[in-house]
Number of protein chains: 2
Amino acid sequence: VSDPVRIGLLGRGTVGDAFHELIAQRADAIGVAAGRRPEIAGVLRRSEGDFEAILDESEIVVELMGGTEPALEYVLLALRAGRHVVTANKQLIAQFGDQLFDAARMSGVQLRFEAAVAGVVPVIRVIQESLAAIEITKVFGIVNGTTNFILSEMASTGASYADCLRRAQELGYAEADPSDDVGGADAAAKMAILARLAFGTPVALGDVSYEGITEIQPDDIAYAKELGLSLKLLGVAERREGGISVRVFPCFLYAHHPLAPIEGPFNAVMVQAPTITEITMSGPGAGGVETAAAVLGDVVSILSGKAPVHVARGSLEIVRDISSSFYLHLEVADRPGVLAQVADVLGRNEVSVQSVVQRGMGDEARLVMVMHECPESRFFKALEEIATLEFLRGQPRAIRVIEEEFV
Amino acid sequence: VSDPVRIGLLGRGTVGDAFHELIAQRADAIGVAAGRRPEIAGVLRRSEGDFEAILDESEIVVELMGGTEPALEYVLLALRAGRHVVTANKQLIAQFGDQLFDAARMSGVQLRFEAAVAGVVPVIRVIQESLAAIEITKVFGIVNGTTNFILSEMASTGASYADCLRRAQELGYAEADPSDDVGGADAAAKMAILARLAFGTPVALGDVSYEGITEIQPDDIAYAKELGLSLKLLGVAERREGGISVRVFPCFLYAHHPLAPIEGPFNAVMVQAPTITEITMSGPGAGGVETAAAVLGDVVSILSGKAPVHVARGSLEIVRDISSSFYLHLEVADRPGVLAQVADVLGRNEVSVQSVVQRGMGDEARLVMVMHECPESRFFKALEEIATLEFLRGQPRAIRVIEEEFV
């Protein structure tokens with residue numbers, strides 16, 4: 001019988017508790033499958049436990065504290081002391097990835113973080129291992145369950161953003177302070193990690209441009225529904241002429257898009273490459289038990305071999321002027337000539353219109369349009385001009401639209 | 001600079017050619033990521049090449065010959081000679097898995113076969129590695145692209161099975177002799193492999209009960225569409241009271257089912273477990289380039305460590321009497337009392353009806369029903385009785401229906 005593999009657990013919140021329980025349930029089965037039985041060597045809580053003592057006793061350190069202080073310090077100490085590390089901490093990897101990967105490489109140990117993106121959906125593993133042999137062109141998807149729940153709820157009930165956020169909080173899908181989720185920062189950190197792995201280039205948090213969902217109005221969703229569109233907060237990392245682009249933005253998808261049916265707190269990620277066309281993976285986003293399962297999966301992987309080496313294959317430029325198609329919602333005065341003036345501004349800026357719906361009378365009059373794809377700078381220039389038109393009754397609302405061709 | 005890793009390639013058909021080309025394109029990038037550059041040591045074709053000489057020169061043997069003779073002999077020789085093996089050969093793994101895994105274990109080498117099921121969709125890796133930490137309860141999905149293409153085509157065009165098969169053959173989605181695909185044997189071999197890995201138990205080909213799609217009529221699909229159902233050839237491997245069940249059968253899915261939107265030659269597999277709810281993975285089924293990409297992914301994995309150990313955790317019973325819900329299509333004489341007689345037979349066999357549609361007049365009269373779930377033996381007993389009713393104008397047509405609850 002081989003020695004058990006001893007695990008030092010840092011942090012004992014929801015995920016830590018679930019991990020502790022899962023180890024108790026599955027230790028024997030893992031012992032059979034992976035050759036060594038995992039056991040907990042010690043637990044560090046905010047109020048108790050001695051990090052040095054736990055490190056001494058452990059072969060693998062599992063970091064589930066969250067935040068970057070003191071998690072960064074502990075993880076670096078563990079890596080430098082020759083311990084493998086598993087973490088679910090996306091901020092740690094997104095902000096300090098270079099430093100952490102270097103430390104792991106210098107010590108010849110593994111740093112694994114499947115749970116940091118899309119919970120138990122194995123997107124990290126698939127990009128690093130299954131798809132190591134191919135050149136990925138694009139990774140995109142729904143990587144924040146809180147916002148996907150809120151948008152699904154707005155679409156199905158017609159309720160406001162604020163009401164749906166409250167409902168998400170009641171159900172435990174949103175935190176008391178939801179700003180990281182709803183503002184897009186959480187998804188941005190995850191996309192920085194995915195872009196780094198998919199393209200083999202360092203990607204800093206500041207390289208990711210992001211928007212959230214706080215400005216979305218119920219009637220945007222209602223009008224778009226009539227056009228066959230559904231709204232998602234999308235993370236997109238892709239190769240572009242001259243480099244890569246990594247962005248997070250709310251976006252309408254046509255009904256046939258593989259991500260359109262992903263509802264509620266689920267995550268889904270698509271990977272595209274010429275060699276594979278595309279693969280799609282979906283499942284529940286972060287939850288205590290799911291995250292713990294992903295962490296334990298990483299522990300099992302450590303038992304079965306060395307991780308793929310994280311070497312930046314070069315440094316790619318961040319490309320910022322992207323082409324996109326836009327949905328544009330204008331509350332306008334109810335009088336002739338309004339559409340002509342808007343169309344004139346768009347035309348002069350070489351933005352071409354794909355569809356227009358005019359709706360409502362009097363104080364309810366509005367124009368809802370979808371544009372053909374064009375450089376975003378050109379659209380935003382037109383938008384700026386449109387915002388000054390005197391017949392507008394409110395700020396113009398613009399949201400990106402993605403329609404892709406699929407096999 | 002490390003030595004290159006030398007690969008002996010057995011077979012040089014479509015997949016072999018694509019693999020050869022992919023190695024040429026990606027060798028440098030893999031060298032950077034995995035530490036060693038792959039190169040082809042030799043190629044064995046049907047008409048040329050010396051297996052012993054190629055084996056001597058290789059560290060990894062890639063088997064892309066297909067069939068079991070002489071592939072089995074060569075793969076066993078390679079494993080026994082201490083070579084890692086990558087194969088895309090589902091029949092080899094499904095029929096001779098026990099023998100092959102034993103040989104790999106005895107020699108301490110890896111046997112990898114991601115490409116054998118669902119092409120580049122990484123279902124093998126996810127079940128063996130990501131989900132090694134959890135107890136999987138069910139693996140199911142669409143694992144044959146040929147039949148999914150034919151069924152999609154029947155649904156969208158209303159054309160007959162024979163016409164859609166011909167179209168699949170023209171497009172290269174079906175072989176000249178399509179019987180393994182359309183009869184369900186191909187999907188059965190894949191499900192035997194998935195069941196073995198998911199449940200850690202030996203599963204022989206004979207343990208998988210299967211049906212194909214050759215008897216499907218266009219009007220079954222048309223009527224079912226009215227009920228919101230779409231037809232798929234489904235493979236299902238699941239834990240059941242007393243053991244496991246592994247089956248392949250055509251099946252109607254309700255529109256909200258995650259597999260319902262999978263169209264054309266795509267594959268999709270879902271994995272369920274209490275700890276993870278469910279994850280879904282989808283992408284293109286077998287194609288030369290996709291299969292080659294999956295094979296090369298396995299080569300990269302071999303470079304990064306040892307594979308999870310394939311140990312049967314015990315032998316589970318195959319459970320054969322499953323409960324299912326059925327769609328039943330009866331061509332009947334157009335006269336009063338027909339429904340009452342059918343309902344009487346069903347009632348006496350304790351099969352309860354969920355919905356009924358009566359359609360057509362005279363020679364077109366028919367009853368289309370969907371049953372509530374009940375033990376299949378009970379339904380088939382009722383069906384046998386119904387088949388003898390004198391007012392039937394043709395054989396009753398029964399197809400399973402799956403409606404699952406999703407979060």
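Residues numbered from 1 in each chain as written. Chains lettered and ligands numbered in written order. Predicted model: local features only at pLDDT ≥ 70, side-chain atom pairs only at ≥ 80, totals over all residues. Heavy atoms only, no water.

> Would you take a moment to explain unusual backbone geometry for this structure?
Across residues other than glycine, the phi torsion is negative in most instances, and most of the peptide bonds are trans. Here the residue pair Glu69 of chain A and Pro70 of chain A is connected by a cis peptide bond, since its omega of 5° sits within 30 degrees of zero. Tracing the backbone through its elements, the reader meets Pro70 of chain A in the loop between strand S3 (60-63) and helix H3 (71-80). The phi dihedral of Ala118 of chain A falls on the positive side, at around 60°, and the residue is not glycine. With a phi close to 60°, Glu350 of chain B is a non-glycine residue in the positive phi region. (Helix = DSSP H or I, 4+ residues; strand = E, 2+ residues; numbered from the N terminus.)

> What is the right way to read the sheet that holds strand S2 (residues 38-44) of chain A from this model?
Within a sheet, neighbouring strands are paired by backbone hydrogen bonds and run either parallel or antiparallel to one another. Residues and elements named next belong to chain A. Spatial ordering of the open sheet is given by S2-S1-S3-S4-S5, a layout of five strands whose pairing is parallel. The sheet terminates laterally at S2 and strand S5 (111-112), the two strands that pair on one side only. Alignment of S3 against strand S4 (residues 84-87), held across four bridges, turns out to be parallel. When the bridges of S4 are listed, Val62 appears paired with Val86. Packing of helix H11 (residues 288-303) onto the sheet brings it into contact with strand S1 (5-10), S3, S4 and S5, and relative to S4 it is tilted by some 160°. (Pairing = 2+ DSSP bridges. Contact = heavy atoms within 4.5 Å. Axes fitted to C-alpha atoms, helices over the stretch in contact; angles between N-to-C directions.)

> Would you mind going over the pattern of salt bridges with me for this structure?
Charged atoms that come close allow side chains of opposite charge to pair. Residues and elements named next belong to chain A. Tallied over the entire structure, the rule returns 62 salt bridges over all chains. Here Glu170 makes a salt bridge to Arg167, at a shortest N to O gap of 3.9 Å. Taken together, the residues span about one helical turn, with Glu170 and Arg167 both in helix H7 (residues 161-170) at a distance of three residues. With a relative accessible area of 59%, Glu170 lands in the exposed category. Note that Glu364 is salt-bridged to Arg366, the shortest N-O span being 3.6 Å. When its relative accessible area of 6% is taken as the criterion, Arg366 is described as buried. Three or more residues joined by partner-sharing salt bridges are found here, namely Lys138, Glu211, Glu238, Arg240, Arg247, Glu376 and Arg400. (Salt bridge = Lys/Arg side-chain N within 4 Å of Asp/Glu carboxyl O. Buried < 20%, exposed > 50% of the residue type's maximum accessible area, 1.4 Å probe, protein only.)

> Sorry if this is basic, but what is going on with the environment of Leu76 of chain B here?
Residues and elements named next belong to chain B. Inspection of the secondary structure puts Leu76 in helix H3 (residues 71-80). Residue classification places Leu76 among the buried residues on the basis of a relative accessible area of 7%. For Leu76, the residues in contact, after removing those within four places along its chain, are Gln99, Leu100 and Ala103.

> Would you take a moment to explain the relation of the copies chain B and chain A for this structure?
Copy one and copy two of the chain differ by a rotation about an axis and a translation along that axis. Superposing chain B onto chain A takes a rotation of 180° combined with a translation of 0.0 Å along the rotation axis, leaving an RMSD of 0.0 Å. Taken together, the turn and the small shift mark the pair as related by a two-fold rotation axis. (Least-squares fit on C-alpha atoms with pLDDT ≥ 70 in both.)

> Just to check I follow, could you spell out the side chain of Ser245 of chain B for this structure?
Residue and element names in this part refer to chain B. Tracing the chain through its elements places Ser245 in strand S9 (residues 243-254). Owing to a relative accessible area of 0%, Ser245 belongs among the buried residues under this scheme. For Ser245, the side chain forms a polar contact with the side chain of Arg247, separated by 3.4 Å. Contact partners of Ser245, with chain neighbours within four places excluded, come to Val236, Ala237, Glu238, Arg240, Val319 and Ile322. (Polar contact = N/O pair within 3.5 Å; in protein donor to acceptor, adjacent residues only side chain to side chain.)

> What exactly am I supposed to notice about the interface of chain B and chain A here?
Interface size, as often reported, equals the accessible area lost upon joining of the parts. On the side of chain A, 45 residues touch chain B, which itself brings 45 residues to the contact. Interface area for chain B against chain A, summed over the two sides, is near 3,600 Å², with a carbon-plus-sulfur share of 60%. Here chain B and chain A share two salt bridges between them. In this structure, Arg26 of chain B and Glu135 of chain A form a salt bridge, with 3.7 Å as the shortest nitrogen-oxygen distance. Applying the counting rule to chain B against chain A returns six residue pairs in polar contact (both at pLDDT 80 or more). Breaking the side of chain B that touches chain A down by element, the ones donating at least two residues are helix H1 (14-34), helix H5 (123-128), strand S11 (277-284) and helix H11 (288-303) of chain B. Taken together, the residues of the side of chain B that touches chain A sort by class into 27 nonpolar, ten polar and eight charged. Strand direction decides the pairing type here: strand S11 (residues 277-284) of chain A and S11 of chain B, joined by three bridges, are antiparallel. Note on S11 of chain B: the bridge partner recorded for Ser282 of chain A is Thr280 of chain B. (Buried area = accessible area lost by both parts, 1.4 Å probe. Nonpolar A, V, L, I, M, F, W, Y, C, P; charged D, E, K, R; others polar.)

> Mind showing me how you'd approach the nonpolar core here?
Across soluble globular proteins, you tend to see nonpolar side chains buried next to one another. In this structure, Phe19 of chain A together with Phe19 of chain B are the most contacted members of the largest nonpolar core, which totals 224 residues. Leave out the neighbours within four places in its chain, and Phe19 of chain B touches Ile7, Leu9, Ile40, Val62, Leu64, Ala292, Val295, Leu296 and Val299 of chain B. (Core = buried A, V, L, I, M, F, W, Y, C linked by side-chain atoms within 4.5 Å.)

> Honestly, the sheet that holds strand S3 (residues 60-63) of chain B in this entry has me stumped. Any pointers?
All names here are of chain B. Strand order across the open sheet formed by five strands is S2-S1-S3-S4-S5, with parallel pairing between neighbours. One side of each edge strand has no neighbouring strand; the edge strands of this open sheet are strand S2 (38-44) and strand S5 (111-112). Each of strand S1 (5-10), S3, strand S4 (84-87) and S5 is contacted by H11, which is oriented at about 160° to S4, the strand it contacts most.

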